[in-house]
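# Understanding the architecture of this molecule
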Amino acid sequence: MQTYEIAVIGGDGIGPDVIAAGKQVLDAAGDVTGSYRLNYTDFPWGCEYYLQHDRMMPADALQTLEQFQAIYLGAVGYPTVPDHVSLWGLLLPIRKAFRQYVNLRPIKLLRGIDGPLRGKGPEEVDFVCVRENTEGEYSGVGGRVHVGTDHEVALQSIVFTRRAVERIIRYAFDYAQSHGRTGVTSITKSNAMQYNMVFWDEVFEQVAQDYPGIATSKYHVDAAAARFVTHPESFDVVVASNLFADILTDLGGALQGSLGLPPSANIDPTRRYPAMFEPVHGSAPDVHGQNIANPLAAIWAGAMLLDFLGEEEAGQLVMDAMEAVTASGEVRTPDLGGAATTQEVTEAVVTTLQNI
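The structure displayed is predicted, hence computed values, not measured ones. (Residues numbered from 1 in each chain as written. Predicted model: local features only at pLDDT ≥ 70, side-chain atom pairs only at ≥ 80, totals over all residues. Heavy atoms only, no water.)

Right, let's get into the packing of helix α1 (residues 15–33) against helix α11 (residues 342–355). Where α1 meets α11, the closest approach of the two axes is 10 Å, and the angle between their N-to-C directions is 10°. On the basis of their axis angle, the class for α1 and α11 is roughly parallel. Across from Ala-21, Gln-24, Val-25, Ala-28, Ala-29 and Val-32 in α1, the residues of α11 making contact are Thr-342, Gln-343, Thr-346, Glu-347, Val-349, Val-350, Leu-353 and Gln-354. (Axes fitted to C-alpha atoms, helices over the stretch in contact; angles between N-to-C directions. Helix = DSSP H or I, 4+ residues; strand = E, 2+ residues; numbered from the N terminus. Parallel < 35°, antiparallel > 145°, perpendicular 65-115°, else oblique. Contact = heavy atoms within 4.5 Å.)

A separate point is the sheet that holds strand β10 (residues 237–240). Taken in spatial order, the 10 strands make up an open sheet running β2-β1-β3-β12-β11-β4-β5-β10-β8-β9, and their pairing is mixed. Two strands close off the open sheet at either side, each with one partner strand: β2 (36–42) and β9 (215–220). Ignoring strand direction, the axes of neighbouring strands in this sheet form an average angle of 25°. Packing of helix α8 (residues 242–255) onto the sheet brings it into contact with β4 (102–108), β5 (126–132), β8 (183–188) and β10, and relative to β4 it is tilted by some 25°. Sheet strands touched by helix α9 (residues 296–309): β1 (2–11), β2, β3 (70–75), β4, β11 (263–267) and β12 (275–279). Its angle to β12, the strand with the most contacts, is close to 160°. (Pairing = 2+ DSSP bridges.)

Here the focus is a nonpolar patch on the surface. A surface patch of nonpolar side chains, amounting to about 250 Å² of accessible area, comprises Val-145, Val-153 and Leu-155. Along the chain, Val-145 turns up in strand β6 (residues 136–145). (Patch = residues over 30% accessible without salt bridge, like charges linked within 9 Å, V, L, I, M, F, W, Y side chains within 5 Å. Areas by Shrake-Rupley, 256 points an atom, 1.4 Å probe, with all protein chains shown as cover. Salt bridge = Lys/Arg side-chain N within 4 Å of Asp/Glu carboxyl O.)

Let us now look at the side chain of Glu-132. For Glu-132, the position within the fold is in strand β5. One buried charged side chain, Glu-132, makes no salt bridge at all; its nearest oppositely charged neighbour is Arg-167, positioned 4.7 Å away. In this structure the side chain of Glu-132 is engaged in a polar contact, spanning 2.9 Å, whose partner is the backbone nitrogen of Glu-135. Discounting chain neighbours no more than four positions away, the residues touching Glu-132 are Tyr-101, Ala-164, Ile-168, Trp-200, Ala-240, Ser-241 and Asn-242. (Buried < 20%, exposed > 50% of the residue type's maximum accessible area, 1.4 Å probe, protein only. Lys, Arg positive; Asp, Glu negative; His and termini not counted. Polar contact = N/O pair within 3.5 Å; in protein donor to acceptor, adjacent residues only side chain to side chain.)

Right, let's get into the nonpolar core. Note that soluble globular proteins tend to have their nonpolar side chains buried in a common cluster. Among the nonpolar cores identified, the biggest contains 92 residues, and Ile-6, Leu-104 and Ile-169 are the most heavily contacted of them. If we ignore the near neighbours within four places in the chain, the residues touching Ile-6 are Leu-38, Asn-39, Tyr-40, Thr-41, Phe-68, Ala-70, Tyr-72, Leu-305 and Leu-309. Listed in part, the 22 residues of the second largest apolar core include Phe-43, Leu-73, Tyr-273 and Met-276. (Core = buried A, V, L, I, M, F, W, Y, C linked by side-chain atoms within 4.5 Å.)

Let us look at the packing of aromatic side chains. Going through the model one piece at a time under the given rule, you end up with 12 aromatic pairs. Ring centres of Phe-173 and Tyr-211 lie 4.9 Å apart, and the angle between their planes is 20°; on these two criteria the pair is classed as stacked. Note that Phe-173 is positioned in helix α5 (residues 162–178) and Tyr-211 in the loop between α6 (196–208) and β9, a separation of 38 residues in sequence. Comparing Phe-173 with Tyr-211 shows no difference in burial state: the two are buried. The interplanar angle of 55° and the centroid separation of 5.7 Å between the aromatic rings of Phe-277 and Phe-308 together place this pair among those described as tilted. Pair noted here: Phe-277 is in strand β12 and Phe-308 is in helix α9, with a separation of 31 residues, a long-range link. Phe-308 carries the same exposure label as Phe-277, and that label is buried. (Phe/Tyr/Trp six-rings, centres within 6.5 Å; stacked < 30°, edge-to-face > 60°.)

Time to look at the environment of Met-319. Here Met-319 is to be found in helix α10 (residues 312–328). Sequence separation between Met-319 and Gly-302 is 17 residues; the distance between their C-alpha atoms is 9.6 Å. Apart from the residues lying within four places of it in its own chain, the contact partners of Met-319 are Trp-300 and Ala-303.

Here we take up α10. Two residues of an α-helix separated by three or four positions point the same way, owing to the 3.6 residues in each turn. Between its first and last C-alpha atoms α10 spans 24 Å; for 17 residues at 1.5 Å apiece the expected length is 24 Å, and the two agree. Taken as a whole, α10 has its buried residues at Ala-314, Gly-315, Leu-317, Val-318, Met-319, Ala-321, Met-322, Glu-323, Val-325 and Thr-326. Looking at the buried residues of α10, the elements they touch are α1, β2, β4, α9 and α11. Taken from the residues just after α10, Gly-329 is the one with a positive phi, measuring 70°. (Expected span 1.5 Å × (residues − 1).)

Another point: α6. The first and last C-alpha atoms of α6 sit 18 Å apart over 13 residues, in line with the 18 Å expected at 1.5 Å per residue. Buried within α6 we find Asn-196, Met-197, Phe-199, Trp-200, Asp-201, Val-203, Phe-204, Val-207 and Ala-208.

Right, let's talk about the pairing of β12 for a bit. Within β12, 5 of the 5 residues are buried, which leaves it mostly tucked inside the rest of the structure. On β12, burial covers both faces: Ala-275, Phe-277 and Pro-279 on one face and Met-276 and Glu-278 on the other are all buried. As judged from the 3 bridges shared by β3 and β12, these two strands associate in the parallel manner. Bridge pairing in β12 places Ile-71 opposite Met-276. Pairing of β11 with β12, which is carried by 4 bridges, proceeds in the antiparallel orientation. Bridge assignment links Ser-264 to a residue of β12, and that residue is Glu-278.

Summed over all chains, the structure comprises 14 salt bridges. One salt bridge in this structure joins Asp-126 and Arg-181, with 3.3 Å as the shortest N-O distance. Taken together, the residues Asp-126 in strand β5 and Arg-181 in the loop between α5 and β8 connect sequence positions 55 residues apart. Judged by its relative accessible area of 16%, Arg-181 falls in the buried class. Its salt-bridge partner being Arg-144, residue Glu-152 comes within 2.4 Å of it at the nearest N-O pair. Looking at Arg-144, the relative accessible area reads 56%, which means it is exposed.

Note that every value here comes from positions in space, so none of it alone points to a role or purpose.
Here is the structure:
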């Protein structure tokens, strides 16, 4: 039996609750398959830690996390801490230091879930977004001058390097090939941004020549947002910059029926550094402590974690069990129109997994 070392950052709000649910399901899958064991080490980092220590995590946190094979993250953020502090204090340093340049977001409507689009079911809403995760609009280059005066200026620069743009686009094509996907769509705004986005378009066209069997298409981000709603079935693999994909994937989450469902993976494809897996719903302080948070996004992120570790059979087992629960419609949290608790949904997934 293989043992994997997993760092766990439950974080804030509902984060620890949904991660506890995810761990319960992942452990059950390990017991059923008999192929692995996950050894968790919990770290109490996040906004509560910030309020006590004036930083989101210790100075040596990255050196500590580097020893693990993967990171399982719950949620980061709370009203008492500005969002830019929590994001730049924990999430972005991990993504950048560990070269997690791929943010992978499946946009899939699970069986039994009523999405918001009339006439669009699981067969129509089933694509994957590949987001550039370390530079672009979130490079952190800029500053403010004349602060507090009538002449105050704030500058935020967008940084695209050929290396980063090419590798994320190439990853999207490789993902399409290895997962039986037939098309890759690039999203930019090159009509208005004549330097960096035109550059992205050019690199996309160059990389596409190496994949003659994969169909390609390009949309401006505003047109793509509309098409997500009107023709989601036209997308297979979508690749976009940090900001555009960040926004579009939340729209994609809405197509899934609830932000309590979408998972996310932050990956260094070279595997030199640990990958990080998380639900994307945030800390949801309005439902914290009520035992009604939807654990399915964290469970789904856990399935992606298993895939990354090479435990594909267990990952698929988790997905099959989760979708069997949503298809039955019997156990659902309030965000999906039900009255079940976090633990009741978790136990339903575990029981279904064991029966499968």
